[in-house]
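# Working through the structure, step by step
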Amino acid sequence: MPLSEATRARFAREVAKYPPERKQSAVMACLAIVQQEQGWVTPESEEAIADYLGMAPMAVQEVTTFYNMYNQKPVGRFKLNVCTNAPCMFAGGPQALEHLCGKLGVEPYGTTADGVFTVQPSECLGACGDAPVMLVNDRHMCSFMSNDKLDQLVEGLREAED
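Here is a short report on the structure shown in this document. (Residues numbered from 1 in each chain as written. Predicted model: local features only at pLDDT ≥ 70, side-chain atom pairs only at ≥ 80, totals over all residues. Heavy atoms only, no water.)

### Here we look at the overall build of the chain
Looking only at helices and strands, one finds seven helices and five strands in the chain. Taken from N to C terminus, the helices and strands of the chain fall in the order α-α-α-α-β-α-α-β-β-β-β-α. Going through the 162 residues of the chain one by one, you find that 41% of them count as buried. A sequence separation of at least 24 residues applies to 57% of the contacts in the chain between residues at least 6 apart. Averaging the coordinates of the 13 positive side-chain charges in the chain and doing the same for the 21 negative ones gives two points 7 Å apart. (Helix = DSSP H or I, 4+ residues; strand = E, 2+ residues; numbered from the N terminus. Buried < 20%, exposed > 50% of the residue type's maximum accessible area, 1.4 Å probe, protein only. Contact = heavy atoms within 4.5 Å. Lys, Arg positive; Asp, Glu negative; His and termini not counted. Charge placed at Lys NZ, Arg CZ, Asp CG, Glu CD.)

Put into structure tokens, the structure is as follows:
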């Protein structure tokens, strides 16, 4: 996948933040740029990033697959990551995931037929005291997610979509 001049310029701004011998440190920022532009990170874009940063494509893929924030396939308008790690697990995280999937008619990692919601389990989101928690579109943390709060969230996001 050839990178556009605009994308290359954005990459260059990120790479400039590091010493020349550490330009690979910009890999996360470059992945975020590609995802912002395309909606997800394709294997071809991983290769383009690897080429740009002078690193092995597998090293880029290792970063892509390690973090929940990088989409490895197209996702809905609203990506709902539900923490199912230990503290959230004990506070109802798996039940919250099950409730959301049931309400939206999808399996974990699934996207609704209308393309609005993708629901996926997540590793620790770093808000254990607020368990169970979820993250909307990798930006908005939601705490103490009871079934009622989940229902309200879904309805609010549907209204925002309309």
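### Description of the pairing of strand 3 (residues 117–122)
The two faces of the sheet receive side chains in turn, since in a regular strand these alternate between them. Burial within strand 3 is extensive, with six of its six residues counted as buried. In this sheet, strand 3 lies alongside strand 1 (residues 78–83) in parallel orientation, the contact comprising six bridges. Considered in strand 3, the bridge of Val-82 is made with Pro-121. Note that strand 2 (residues 110–111) and strand 3 share two bridges and pair antiparallel. Paired with Gly-110 across the strands is Val-119, a residue of strand 3. Counted between consecutive antiparallel strands, the loop separating strand 2 from strand 3 contains five residues, among which Gly-115 sits at a positive phi close to 75 degrees. (Pairing = 2+ DSSP bridges.)

### Thoughts on the sheet that holds strand 3
Spatially, 2-3-1-4-5 is the arrangement adopted by the five strands of the open sheet, whose pairing is mixed. At either margin of the open sheet sits one strand with a lone partner, and together these are strand 2 and strand 5 (140–142). Those strands touched by helix 7 (residues 147–161) are strand 1, strand 3, strand 4 (134–136) and strand 5, and its axis lies near 5 degrees from that of strand 4. (Axes fitted to C-alpha atoms, helices over the stretch in contact; angles between N-to-C directions.)

### Some thoughts on the packing of aromatic side chains
For any pair of aromatic rings, the description consists of the separation of the ring centres together with the inter-plane angle of the planes. Using the criterion set out here, one finds four aromatic pairs in the structure. Summarising the aromatic geometry, the rings of Phe-66 and Tyr-67 are spaced 4.8 Å apart at their centres and angled 85 degrees between planes, so their arrangement reads as edge-to-face. Overall, the relative accessible area of 32% leaves Tyr-67 in the partly exposed class. Where Tyr-67 meets Tyr-70, the ring centres are 6.2 Å apart and the plane angle is 85 degrees; that geometry is what we call edge-to-face. (Phe/Tyr/Trp six-rings, centres within 6.5 Å; stacked < 30°, edge-to-face > 60°.)

### A few points about the pairing of strand 1
For strand 1, the buried fraction is high: six of the six residues fall into the buried class. What you see with strand 1 is no split at all: Phe-78, Leu-80 and Val-82 on one side and Lys-79, Asn-81 and Cys-83 on the other are buried throughout. Pairing analysis gives three bridges linking strand 1 to strand 4, with the strands arranged antiparallel. By the bridge assignment for strand 4, Asn-81 is matched with Leu-135.

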